[in-house]
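Architecture and fold: a report
Chain by chain, the residues:
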Amino acid sequence: MEIALIGIGKIALDQHVPAIAASPDWELAATVSRAGTVEGTPAFTDFDELLVTRPDIRVISLCLPPVPRFDYASKALAAGRHVMLEKPPGATLAECHALTELAKQNGVSLYATWHSREADKVADAKAWLASRVLRSLTVTWKEDVRRWHPGQDWIFEAGGLGVFDPGINALSIVTEILREEIHVRDATLVFPENRQAPIAAEVAFHHPQAQVQATLDFRQEGEQTWSIEAVTDTGTLLLTHGGARMFIDGVEQGASQDGLSGEYPRLYAKMAALVQRGGLDMDLRPMTHVADAFLLGRRETTAPFHF
Ligand code: NAP
């Protein structure tokens, strides 16, 4: 199937382009970006022009930051195209619900991707937890925003999510592996005094019997930490490296097959299957928790942040 990639920036070039190139399902037929291009691929700067002049391209993958994404997604769906959304699926939940309705009205597929759910050991972690009683779950997601999002000022603008941009990845794993539903009951968000989005956060969740909490920080220099520890009645599970490695009671469970490099190939395989069978895949739970943290969270102010 031919696919067009919109927003040729960091994630498009790092992950989407190689995943599409390696896929038996997809051919990159066009890009739309104001400045970015992919060598050898027809490049548009105007999305409306692509939609009108390339009716043969039935599938659109959106790699823009969240705030501009809705206008592109709604135009694509209204034009009868199937749409794949980078995470988060929108800047607000209402946008995501509107896109869902639009996809249904137009009889096309819509996929809210959560790349971290496709990390190598997430499915194994879910299977291990399925038969156990959870006592506590602790997310520690600490990374250096300068290293992973160099110069991306949008991430600290309103709607950019700040530290929840990576934090929502952790929540996408947590909502996938936990049997029980959780919801935010308390949060503290730390805003640099010159920014509109938090640089760190502590979030506590309600769970039927366990303590569930997350510590998120965008100021981590040196070693980076993306880990989830789940203590159960019969052992402790530790996911590290964003879900690529798994330990039970300190013992690693099989070497990682593909680290994190399997995430985007698996997303594109799922999109291909979704388009073939029709329908939607719009799990909004990670986004709901982030929205609730913003609704409920206490605000603290910290030193100004500059890239
Ligand atoms: P990015 O490089 O800053 O932006 C992607 C592209 O979107 C830009 O190159 C730009 O292309 C276009 N764009 C930016 N602002 C726009 C606007 N206001 N209107 C229209 N187009 C605009 O960001 P990214 O790191 O690729 O992240 C994009 C999305 O992927 C985010 O939702 C992020 O959460 C997700 N993601 C990022 C990473 C990562 O490691 N960076 C990992 C996984 C997922 P033009 O200027 O050429 O139009």
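Residues numbered from 1 in each chain as written. Predicted model: local features only at pLDDT ≥ 70, side-chain atom pairs only at ≥ 80, totals over all residues. Heavy atoms only, no water.

As recorded in an unreviewed UniProt entry, the protein goes by the name Gfo/Idh/MocA family oxidoreductase, listed as coming from Pseudooceanicola albus.

Some thoughts on the site of the ligand
Taken together, 26 residues form the shell around the ligand, and within it S33, R34, A35, R69 and D165 come nearest. Residue G36 places a main-chain N or O atom 3.1 Å away from an oxygen atom belonging to the ligand. Contacts to the ligand include Q152, whose side-chain N or O atom sits 2.8 Å from an oxygen atom. Notes on the ligand: free accessible area 870 Å², of which the protein chains cover 82%. (Near = heavy atom within 4 Å. Polar contact = N/O pair within 3.5 Å; in protein donor to acceptor, adjacent residues only side chain to side chain. Areas by Shrake-Rupley, 256 points an atom, 1.4 Å probe, with all protein chains shown as cover.)

Details of the sheet that holds strand β10 (residues 211-217)
Read from one edge to the other, the open sheet built from 9 strands follows the order β14-β13-β12-β11-β7-β10-β9-β8-β16, with strand pairing classed as mixed. Two strands close off the open sheet at either side, each with one partner strand: β14 (251-252) and β16 (298-302). Pairing of strand β8 (residues 183-192) with strand β9 (residues 200-206) involves 7 bridges; the strand directions are antiparallel. Residue pairing for β9: D186 is matched across the bridge by A204. Here helix α7 (residues 164-177) sits on the sheet and contacts β7 (134-142), β8, β9, β10, β11 (225-232) and β12 (235-240); the angle it forms with β7, its principal contact strand, is near 155 degrees. Lying on the sheet, helix α9 (residues 285-296) is in contact with β8, β9 and β16; it crosses β8 at an angle near 70 degrees. (Pairing = 2+ DSSP bridges. Helix = DSSP H or I, 4+ residues; strand = E, 2+ residues; numbered from the N terminus. Contact = heavy atoms within 4.5 Å. Axes fitted to C-alpha atoms, helices over the stretch in contact; angles between N-to-C directions.)

Topic: the packing of aromatic side chains
On inspection of all chains with the given rule, the structure shows 8 aromatic pairs. Between F305 and F307, the ring centres sit 5.1 Å apart and the planes meet at 85 degrees, which makes this aromatic pair edge-to-face. On the basis of relative accessible area, F307 is assigned to the partly exposed category, the value being 32%. Within the aromatic cluster, the residues linked to one another by ring pairs are F156, F218, F305 and F307. Geometry around W128 places R132 over its ring, the cationic atom sitting 3.9 Å from the centre. (Phe/Tyr/Trp six-rings, centres within 6.5 Å; stacked < 30°, edge-to-face > 60°. Buried < 20%, exposed > 50% of the residue type's maximum accessible area, 1.4 Å probe, protein only. Lys NZ or Arg CZ within 6 Å of the ring centre and 35° of its normal.)

Thoughts on helix α8 (residues 263-277)
Across its 15 residues, α8 extends 21 Å between first and last C-alpha, which sits within 8% of the 21 Å expected from 1.5 Å per residue. Every buried residue belonging to α8 is among E263, Y264, L267, Y268, M271, A272, L274 and V275, and all of these are buried. Among the structural elements, β1 (2-6), α1 (10-22), β4 (59-62), β5 (82-85), β6 (110-112) and β15 (280-281) are those in contact with the buried residues of α8. Where α8 terminates, the next one or two residues include G278, which has phi positive at roughly 80 degrees. (Expected span 1.5 Å × (residues − 1).)

So, the domain arrangement of the protein
Domains assigned within the protein are domain 1 (2-112) and domain 2 (117-255 + 291-302). Measuring from the centre of the C-alpha atoms in domain 1 to the corresponding centre in domain 2 gives 27 Å. Buried area between domain 1 and domain 2, both sides added, is near 730 Å², and the carbon and sulfur share of it is 66%. Our count for the contact surface shared by domain 1 and domain 2 stands at 1 salt bridge. The residue D165 makes a salt bridge to K87 at a minimum N-O spacing of 3.4 Å. Where domain 1 meets domain 2, there are 1 residue pair in polar contact (both at pLDDT 80 or more). Of the residues that constitute the side of domain 1 that touches domain 2, the class distribution is 6 nonpolar, no polar and 2 charged. (Domains from an automatic or database assignment. Buried area = accessible area lost by both parts, 1.4 Å probe. Salt bridge = Lys/Arg side-chain N within 4 Å of Asp/Glu carboxyl O. Nonpolar A, V, L, I, M, F, W, Y, C, P; charged D, E, K, R; others polar.)

Some details on the side chain of S116
Relative to the elements of secondary structure, S116 occurs in the loop between β6 and α5 (122-129). For S116, a relative accessible area of 4% translates into the label buried. Beyond its immediate sequence surroundings of up to four residues, S116 is in contact with V122, N169, S172, I173, G242 and E263.

Re the environment of R285
When you line up the elements, R285 lands in helix α9. Along the sequence, R285 and I168 sit 117 residues apart, while their C-alpha atoms lie 9.7 Å from each other. Other than its neighbours up to four places away in sequence, R285 contacts R117, T175 and E181. There is a polar contact of 3.4 Å between the side chain of R285 and the backbone oxygen of T175.

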